[in-house]
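An overview of the molecular structure
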Amino acid sequence: MKKAHILLVEDDHTLARLIRDYLLLSGFDVTLSSDGEQALKTFKEQSFDLCIVDVMLPRLDGFSLVQQIRQSHVLVPVIFLTARSDKEDRIKGFLTGADDYITKPFEIEELVLRIRVILRRSQNHDPSAAISFGRSQYNPLTCELSVNGITHRLTAKEAGIMQLLCQNKNILVRRSDILRQVWGRDEPLLSRSMDVYLSKLRKYLAADPSVEIENHHGIGFMLKEK
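Residues numbered from 1 in each chain as written. Predicted model: local features only at pLDDT ≥ 70, side-chain atom pairs only at ≥ 80, totals over all residues. Heavy atoms only, no water.

**Details of the sheet that holds strand E11 (residues 211-216)**
Read across the open sheet, the three strands follow the order E10-E12-E11; overall the sheet is antiparallel. For this open sheet the edge positions go to strand E10 (173-174) and E11, each flanked by a neighbour on one side alone. With two bridges connecting them, E10 and strand E12 (residues 220-225) associate as antiparallel partners. Of the residues in E12, the one forming a bridge with Arg174 is Gly220. Together, E10, E11 and E12 form the strand contacts of helix H6 (residues 156-167), whose direction differs from that of E12 by roughly 60°. Running over the sheet, helix H8 (residues 188-205) touches E11 and E12 and is turned about 150° from E11. (Pairing = 2+ DSSP bridges. Helix = DSSP H or I, 4+ residues; strand = E, 2+ residues; numbered from the N terminus. Contact = heavy atoms within 4.5 Å. Axes fitted to C-alpha atoms, helices over the stretch in contact; angles between N-to-C directions.)

Here's what the structure looks like:
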């Protein structure tokens with residue numbers, strides 16, 4: 001079985017080596033980065049199954065790093081590992097797209113358990129598996145949306161939106177969640193841009209009368225099977 005590859009971003013070199021060595025002994029592959037900019041470059045060059053990110057990093061802080069990761073890769077799980085335990089920081093961490101938020105000091109055995117739970121959850125949902133709805137199908141691996149036998153190659157932003165809607169089929173997805181997951185931040189100007197991409201997706205899906213992207217004005221959107 002292929003080992004899960006983890007990107008560990010931590011600028012405390014002693015702690016970083018401790019975590020890395022324990023994760024290696026626990027059966028993971030680990031790549032270590034000590035600052036945010038280096039980590040982003042490494043993330044773009046390699047493939048990772050999970051990221052562990054400190055918040056207070058040199059050159060690019062952890063929140064900004066994860067926002068940029070989310071712009072290119074919606075699904076990779078992220079754990080924030082930080083000394084910042086304020087309620088506001090925890091909320092910001094989850095809104096940024098974290099799957100978990102662990103404060104220092106911590107038990108390294110608990111970190112490994114949380115990693116295994118998150119990986120098990122993400123692996124049970126195969127991001128490469130085609131998702132069918134109505135007479136349509138979306139393939140996350142190729143970013144292709146097939147509607148009544150006609151295939152459309154989606155842009156990165158269209159694919160990110162389609163992925164979220166497919167994962168939450170028949171469930172309302174809030175506008176703010178789409179912006180944070182696909183664009184990395186929630187801003188009014190980006191909201192107008194999102195509407196343009198949604199309009200294109202609706203145009204593609206118009207050929208399938210059994211589905212629609214339902215607009216809940218001012219709240220969000222739902223991929224609905226009729």
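What follows continues from the structure just given.
**Structural notes on the nonpolar core**
One recurring pattern in soluble globular proteins is that nonpolar side chains are buried together. Counting 27 residues, the largest nonpolar core has Phe133, Leu145, Ile161, Met162, Ile178 and Leu205 as its most contacted members. Aside from chain neighbours lying at most four places away, what touches Leu205 is Phe133, Ser136, Leu145, Val147, Met162, Val211, Ile213 and Leu223. Counting 20 residues, the second-largest nonpolar core is a separate cluster that includes Phe43, Leu60, Val76 and Phe80. (Core = buried A, V, L, I, M, F, W, Y, C linked by side-chain atoms within 4.5 Å. Buried < 20%, exposed > 50% of the residue type's maximum accessible area, 1.4 Å probe, protein only.)

**Here's the deal with the environment of Tyr101**
Among the structural elements, Tyr101 can be located in strand E5 (residues 100-103). Put simply, Tyr101 and Ile79 are 22 residues apart on the chain and 5.7 Å apart in space, counted from C-alpha to C-alpha. Among residues more than four places away in sequence, those in contact with Tyr101 are Val55, Phe80, Thr82, Arg84, Asp89, Arg90, Gly93, Phe94 and Arg114.

**Considerations on the packing of aromatic side chains**
Within this structure, the stated rule accounts for four aromatic pairs. Pairing Phe63 with Phe80 gives two aromatic rings, centres 5.2 Å apart and planes at 75°, and the pair type is edge-to-face. On the criterion of sequence distance, the pair formed by Phe63 in helix H3 (residues 62-72) and Phe80 in strand E4 (residues 78-82) is long-range, its members being 17 residues apart. Each of the two residues, Phe63 as well as Phe80, counts as buried. Among the aromatic side chains, those forming a connected cluster through ring pairs are Phe63, Phe80 and Tyr101. (Phe/Tyr/Trp six-rings, centres within 6.5 Å; stacked < 30°, edge-to-face > 60°.)

**Some thoughts on the environment of Gly97**
Considering the arrangement of structural elements, one finds Gly97 in the loop between helix H4 (87-96) and E5. You can call Gly97 buried: its relative accessible area is 5%. A sequence separation of 64 residues divides Gly97 from Ile161, and the C-alpha atoms of the two residues are 15 Å apart. Once residues lying within four places of it in the same chain are set aside, the contact partners of Gly97 are Arg70, Val78 and Gln181.

**Section: the packing of H6 against helix H7 (residues 175-183)**
Between H6 and H7, the shortest axis-to-axis distance is 10 Å and the interhelical angle comes to 130°. In terms of their interaxial angle, H6 and H7 are classed as oblique. As H6 packs across H7, the resulting crossing turns out to be right-handed. Contacts from Lys157, Gly160, Ile161 and Leu164 in H6 reach Asp177, Ile178, Gln181, Val182 and Trp183 in H7. (Parallel < 35°, antiparallel > 145°, perpendicular 65-115°, else oblique. Left-handed = near helix turned anticlockwise from the far one by under 90°.)

**Here's the deal with the confidence of the model for the protein chain**
Considering every residue of the protein chain, the mean pLDDT works out to 87; 95% of them sit at 70 or more. Here H4 stands out as the element of the protein chain with the lowest mean pLDDT, 79, in contrast to strand E2 (residues 29-33), whose mean of 97 is the highest. (pLDDT = per-residue confidence, 0-100.)

**Focus: the side chain of His152**
Position of His152 among the secondary structure elements: in strand E9 (residues 150-153). Residue classification places His152 among the buried residues on the basis of a relative accessible area of 19%. Apart from residues lying up to four places away in sequence, His152 is in contact with Cys143, Glu144, Leu145, Val147 and Tyr204.

**Side note on the pairing of E2**
Across five bridges, strand E1 (residues 5-9) lies against E2 in parallel orientation. Following the sheet pairing, Val9 is matched in E2 by Ser33. Remark: the E1/helix H1 (residues 13-25)/E2 crossover connection has right-handed handedness. (Right-handed = clockwise from strand over helix to strand, strands pointing away.)

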